[in-house]
Amino acid sequence: MTQVRHVEVPDALRAVKRRVPKQLKRLARSALREYGERTATQRVLPDFLVIGVKRGGTTSVWNWLVRHPHVAPMFPSTQQIKSPHYFDIHYTRGEAWYRSHFPTIASLERTAKRTGFRPLTGEASPYYVFHPLAAERAAVTLPGAKMIVTLRNPVDRAYSNFWERVGSAAEDLPNFEAAIDAEEERLAGETERLVADPNYHSIHHDSHSYLARGRYTEHLAPWRDRFGDGLLVLPFEDLQREAATTYRKIQEFLGLPVVAPPALPHHNKLPVPPMADHMRERLVDYYRPWNAHLRTEYGLAADWDHLKRITGPGSCTRSATATRPHPSPHLPPGIVRGMSTFRIGLVLGAGAAIALAGVLAAVPWIPHQPVAVTSTADPSVPRTIPALPLFASDVSDDPAGTAAALVGDGTGYVAVSAYQNRIREIALGVTDGV
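Residues numbered from 1 in each chain as written. Predicted model: local features only at pLDDT ≥ 70, side-chain atom pairs only at ≥ 80, totals over all residues. Heavy atoms only, no water.

Here the residue pair Gly 52 and Val 53 is connected by a cis peptide bond, since its omega of 5° sits within 30 degrees of zero. One can find Val 53 in the loop between β3 (48–52) and α3 (58–66). For the peptide bond that leads from Phe 75 to Pro 76, omega is -5°, which places it in the cis range. Turning to its location among the elements, Pro 76 is positioned in the loop between β4 (71–72) and α4 (95–99). One non-glycine residue, Arg 55, adopts positive backbone phi at about 60°. Relative to the elements of secondary structure, Arg 55 occurs in the loop between β3 and α3. Residue Arg 55 is classed as buried on the basis of its relative accessible area of 15%. (Helix = DSSP H or I, 4+ residues; strand = E, 2+ residues; numbered from the N terminus. Buried < 20%, exposed > 50% of the residue type's maximum accessible area, 1.4 Å probe, protein only.)

Structure, rendered in structure tokens:
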């Protein structure tokens, strides 16, 4: 199994996606999104949001929920979308664009007739809880929705967040201490600018807010003010130590039929070098008053005011089950990133042949033909490019409409009408059971 956009998918499916030319992928995604917007009035808004925190279990909760038999995935399902980041980054795109990511009312009603329960749908962005406008925006668009947030020891969260940013090449400072020292200057005026300009996206606020994100009561207040009992706050430790109990609590909170949790590993594990003792002491002191306020306001019994190093996914020490050495804490972040990329390359290279060998037998997809296209810039010059495989789950809501949407002018090429008719015929032959 491999993760695509933070959701595990079969390696065979991932291999199929790799075979599709990038130009066709962009065209299909653009066309499907346009189709989703055109049918926005027929689509639902989410029933729940998982709003954070970053490096605090958001992805694990989302992967639990998206595998629940009564939770519908976002549209299109093959893209395995975790969040469109509407309430934090893309709010100006409008509600129709947001609705385009969710199932149609008709598809949920068909499922309800078959199973006796109308599926819920949702999304998850760890940036929501921290963004200064997200709570207000969500309350306007989703006044009846429920919010879930998981909180991790803020010291461990900040350190794991730093190394995650290093690994994604979003942090260029030499070490954690330098990043903490620079944070106040990096974030100066960014919150005010975000509030003043709805089109503004702050790289520093999103990527370099290691300390600020751990002031939990500050960021939870606007969500509790607007959603009250519709906000569920969970300690990250409960996800690790009491997974079944926590999953039951989440299901009951959302009103879902209770099922056993799927057998999933913790997601987004990030082995990191040990934190320097003086930095741990510094952060423990910094967060002590915030943690006290959290215990008073929200009744969380987590004991985070200690200097003990905690093990676990994305923690500050090596996992007890780790078998590979961790990069030295004295190595520059660029070297660490290079080591990680090399290891990932070896794994992907070794698995590529195996994945490709079993792809056609393992993945249900609709037969397709090459697309004959003409350039809108020069119609006299014909081109032929491979067709995009159509997956049954992409066309189950509206096979004819989805098929028609797959051919468009998103990248400067238009499929000829003969192929449009052929693709419609293929899609119309697909049933929900395929």
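Read on, since the account is not over.
So, about the packing of aromatic side chains. Inspection of the entire model under this criterion finds 19 aromatic pairs. Both rings, one in Phe 87 and one in Tyr 128, keep their centres 5.6 Å apart while their planes meet at 65°; by these two values the pair is edge-to-face. Linking Phe 87 in the loop between β4 and α4 with Tyr 128 in the loop between β5 (120–124) and α6 (134–141), this pair joins segments that are 41 residues apart in sequence. Taken as a pair, Phe 87 and Tyr 128 share a single burial class, namely buried. One aromatic cluster in this structure is built from Tyr 86, Phe 87, Tyr 91, Trp 97, Tyr 98, Phe 102 and Tyr 128. When the ring centre of Phe 253 is taken as origin, the NZ or CZ atom of Lys 146, which lies over that ring, is 5.0 Å away. In this arrangement the basic side chain of Arg 193 is found over the ring face of Tyr 200, its NZ or CZ atom lying 3.8 Å from the centre. (Phe/Tyr/Trp six-rings, centres within 6.5 Å; stacked < 30°, edge-to-face > 60°. Lys NZ or Arg CZ within 6 Å of the ring centre and 35° of its normal.)

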